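Chain residues, written in single-letter form:
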Amino acid sequence: MSAVTTTVSEDTANPYALSHLDSLESEAVHIFREVAGEFERPVILFSGGKDSIVMLHLALKAFAPAPVPFTLLHVDTGHNFPEVLDYRDRTVKKHGLRLHVASVQEYIDAGKLRERPDGTRNPLQTVPLTEAIQQHRFDAVFGGGRRDEEKARAKERVFSLRDEFSQWDPRRQRPELWQLYNGRHAPGEHVRVFPISNWTELDVWQYIEREGIELPEIYFAHEREVFSRNGMWLTAGHWGGPKEHEPVQTRLVRYRTVGDMSCTGAVDSDATTLDAVITEIAASRLTERGATRADDKMSEAAMEDRKREGYF
């Protein structure tokens with residue numbers, strides 16, 4: 001009897017295969033559930049930026065129809081975009097969540113922190129963050145960091161151990177073969193957890209489109225008063241900009257990433273829809289942080305230095 005050869009088309013070879021977005025979502029959901037079962041007091045860092053928005057959306061899906069079993073934490077620099085803070089508060093109210101806010105301004109007023117000469121407060125977030133973690137005894141802290149953002153973040157595991165001072169030591173990284181995560185930590189230590197670590201900026205935007213996730217309006221093109229500094233368009237505001245030699249002009253811009261007004265640059269853009277933003281991102285050859293974050297340009301190792309001190 002002659003052998004029978006059956007040819008299966010590529011489209012029907014595995015009808016149960018997950019798309020790349022489904023695979024990323026599945027991994028993130030697994031991470032959230034793993035932390036819920038392994039830790040006592042997890043918290044989600046939530047700023048109202050797109051990565052933390054996607055992270056919260058994934059957490060809601062991971063535990064639906066039950067409520068998310070984690071509180072939220074935001075380190076407010078005092079220079080945040082009003083549109084983002086409004087979105088943050090609407091989201092917390094909509095889902096009945098509990099939000100802790102650690103205020104940089106309160107630390108400055110109390111004399112625990114000093115304003116920087118350049119006016120930026122993003123590097124000042126570390127102390128309020130680490131003290132909030134210690135005060136509330138959080139043992140797992142979810143962050144929206146992704147490996148494609150910056151080279152120091154590319155070094156970090158999904159479960160990243162921090163010592164009793166919230167400091168990160170790259171030499172203490174643990175292997176994570178077969179999606180097996182080691183959350184073991186000593187008293188006083190905690191673990192930073194990055195559920196979307198393996199996502200790219202393009203993945204995030206494609207997922208936002210697929211899921212119909214609402215975002216703050218500053219992620220889409222709009223007219224804004226900005227001024228140029230160090231090759232970036234910064235928002236004019238009470239935080240200390242612009243200076244006399246930095247003229248303000250109205251431009252059509254949008255934000256790829258959101259920190260605070262003192263360190264986050266806008267990009268020229270006419271992308272007013274999700275499709276237009278995705279097309280723009282797909283053509284970009286600069287990471288969002290490399291193109292628009294002044295705090296990452298302070299030195300070659302700016303992010304890694306801050307992470308070693310306890311930063312996100």
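Here is what the cut-offs are and how they apply
Residues numbered from 1 in each chain as written. Predicted model: local features only at pLDDT ≥ 70, side-chain atom pairs only at ≥ 80, totals over all residues. Heavy atoms only, no water. UniProt positions renumbered as here; feature names shortened; annotations may be inferred. Pairing = 2+ DSSP bridges. Helix = DSSP H or I, 4+ residues; strand = E, 2+ residues; numbered from the N terminus. Axes fitted to C-alpha atoms, helices over the stretch in contact; angles between N-to-C directions. Contact = heavy atoms within 4.5 Å. Buried < 20%, exposed > 50% of the residue type's maximum accessible area, 1.4 Å probe, protein only. Parallel < 35°, antiparallel > 145°, perpendicular 65-115°, else oblique. Left-handed = near helix turned anticlockwise from the far one by under 90°. Nonpolar A, V, L, I, M, F, W, Y, C, P; charged D, E, K, R; others polar.

Identification of the protein as Sulfate adenylyltransferase subunit 2 from Streptomyces californicus is taken from an unreviewed UniProt entry. Quoted verbatim from the Sequence similarities (unreviewed entry) field of UniProt, the annotation for the protein is "Belongs to the PAPS reductase family. CysD subfamily."

Side note on the sheet that holds strand β5 (residues 159–162)
As a general point, the strands of a sheet are linked pairwise by backbone hydrogen bonds and lie either parallel or antiparallel. Read from one edge to the other, the open sheet built from 6 strands follows the order β3-β2-β1-β4-β6-β5, with strand pairing classed as mixed. Two strands bound the open sheet, and with one partner strand each, they are β3 (99–103) and β5. The average undirected angle you get between the axes of adjacent strands in this sheet is 30°. Pairing analysis gives 4 bridges linking β5 to strand β6 (residues 190–193), with the strands arranged antiparallel. What sits directly across from Leu-161, in β6, is Val-191. Strands β1 (42–45), β4 (140–142), β5 and β6 of the sheet are contacted by helix α1 (residues 20–38), whose axis makes an angle of about 40° with β5. Sitting on the sheet, helix α3 (residues 82–95) is in contact with β2 (71–76) and β3, with an inclination near 165° to β2.

Brief notes about the sheet that holds strand β8 (residues 232–235)
Spatial strand order, β8-β7-β9-β10: 4 strands in an open sheet with antiparallel pairing. What marks the edges here is a single partner per strand, and that holds for β8 and β10 (267–268). As defined by bridge partners, strand β9 (residues 249–254) adjoins β10 across 2 bridges and the pair is classed as antiparallel. Bridging from a neighbouring strand, Val-253 pairs with Asp-268 of β10.

Here we look at helix α7 (residues 201–211)
Every buried residue of α7 is listed here: Glu-201, Asp-203, Val-204, Trp-205, Tyr-207 and Ile-208. Note on α7: the residue one or two positions beyond its end, Gly-212, has a positive phi of about 65°.

Side note on the packing of α7 against helix α8 (residues 274–283)
Any two packed helices are characterised by how steeply their axes cross, that is the angle between the axes, and by the distance between the axes. At their nearest, the axes of α7 and α8 sit 10 Å apart, and the two run at 165° to each other. Classed by the angle they form, the pair α7 and α8 counts as roughly antiparallel. Two packed elements cross with a definite hand, and for α7 against α8 that hand is left-handed. Of α8, the residues touching α7 (which contributes Glu-201, Leu-202, Trp-205, Gln-206, Ile-208 and Glu-209) are Leu-274, Asp-275, Val-277, Ile-278, Ile-281 and Ala-282. Looking at the contact of α7 with α8 residue by residue, the class counts come to 8 nonpolar, 1 polar and 3 charged.

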